[in-house]
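Given next are the chains, with one letter for each unit.
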Amino acid sequence: MLTAVLVLGGAGLILGAGLAFVAVKIAVPPDERVAAVRAVLPGANCGACGFPGCDGMAAALVKGEAKPEGCTAGGPSTAAAVAEVLGLEVSAGERLVVAVHCVGSNEKARRSYEYLGIDDCRAAAIMPGGGPKACSYGCVGLGTCVKVCPFDALSMDPVAGLPVVDRDKCTGCGICTHECPKNILALVPVSQPTFVACRNVEKGPQVRKVCSAGCIACGLCVRSCPQKTISLVNNVAYIDPSGCDGCGTCVEKCPTKCIVATREVPVVQAV
């Protein structure tokens, strides 16, 4: 018995030492650039880059599987720092922020029933009619976007029942846009002066039945736009941001006020 124990123990010791020796010989030394890149990332671990946290992003950047500007949470300054560490060039793009494409507040959007279920927009959206609001395209209003935002850039207006974006805090990570079951949240260039805050593609009479603030495809904005940058697409007005100069004419002319100005617009004189 003792001999067997000694033989097995000795064999295990020899095998263990052999494995340790091989492990040292074939070990791949860690790339010091990973730690250097990780040090300049913001550490939000939001996952908006598509990788498992900042550690995963750092490894992907070093391997060439991600671009420096892929870290939306860090913005241009982080992209520049990463590019400097890796000796890369970074393409400077305009900062993006999220915009709420719905103005169907509690006052303006009709309700079909009272929802008493799980306090989550995604859960409410699978209920009959797509949620308690009569407009199946509008904001559910339970604030799931607020809960998932890692930067505290969203809050709920308690009166309107709609999300409010803090454009200074918003990093354009896009997490909220993926979690919104109605797709009313979209990233837009921070310089974009106006956008249409409605997703309802039904015709005007049907829209009016469910919301007094929805786009009714009347075409007033299309006809009044001096730059001719507005068109009707699937019964909803669309503003081409590349041609919009923020004159505010469409904002003034819209009868339902579903066109939102992201900055103060000049007063349009009546003619």
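Higher on the page you've got the structure.
Criteria and thresholds
Residues numbered from 1 in each chain as written. Predicted model: local features only at pLDDT ≥ 70, side-chain atom pairs only at ≥ 80, totals over all residues. Heavy atoms only, no water. Axes fitted to C-alpha atoms, helices over the stretch in contact; angles between N-to-C directions. Helix = DSSP H or I, 4+ residues; strand = E, 2+ residues; numbered from the N terminus. Parallel < 35°, antiparallel > 145°, perpendicular 65-115°, else oblique. Left-handed = near helix turned anticlockwise from the far one by under 90°. Contact = heavy atoms within 4.5 Å. Buried < 20%, exposed > 50% of the residue type's maximum accessible area, 1.4 Å probe, protein only. Lys, Arg positive; Asp, Glu negative; His and termini not counted. Salt bridge = Lys/Arg side-chain N within 4 Å of Asp/Glu carboxyl O. 1 Å grid on protein atoms, 1.4 Å probe; cavity = no way out; pocket = protein on both sides within 12 Å on 5 of 7 lines; lining within 4 Å. Points joined across faces, edges and corners; volume = space filled by probe spheres on them. Nonpolar A, V, L, I, M, F, W, Y, C, P; charged D, E, K, R; others polar.

## Digging into the packing of helix α2 (residues 32-40) against helix α4 (residues 75-86)
For the pair α2 and α4, the least separation of the axes is 9 Å and the interaxial angle reads 165°. Between α2 and α4, the crossing angle belongs to the class labelled roughly antiparallel. Two packed elements cross with a definite hand, and for α2 against α4 that hand is right-handed. Judged by residue contacts, Arg 33, Ala 36, Val 37 and Val 40 of α2 engage Thr 78, Ala 81, Val 82, Val 85 and Leu 86 from α4.

## Thoughts on the side chain of Lys 182
Locating Lys 182 in the fold gives a position in the loop between α7 (175-179) and β4 (185-189). Of the side chains with opposite charge, Glu 202 comes closest to the buried, unpaired Lys 182, at an N-O distance of 11 Å. With sequence-adjacent residues up to four places away left out, Lys 182 is seen in contact with Ala 125, Gly 130, Ser 136, Tyr 137, Gly 138 and Val 140.

## Re empty space enclosed by the protein
Gaps between atoms show up when a probe of the same size as a water molecule is rolled over them. Counted according to the given criterion, the structure contains six cavities of 30 Å³ or more. Looking at the largest cavity, it is lined by 17 residues, and the ones nearest its centre are Cys 102, Gly 104, Cys 135, Gly 138 and Cys 211. For the lining of the largest cavity, the residue count by class is ten nonpolar, five polar and two charged.

Take it as geometry only, folks, not as evidence of what the structure does.
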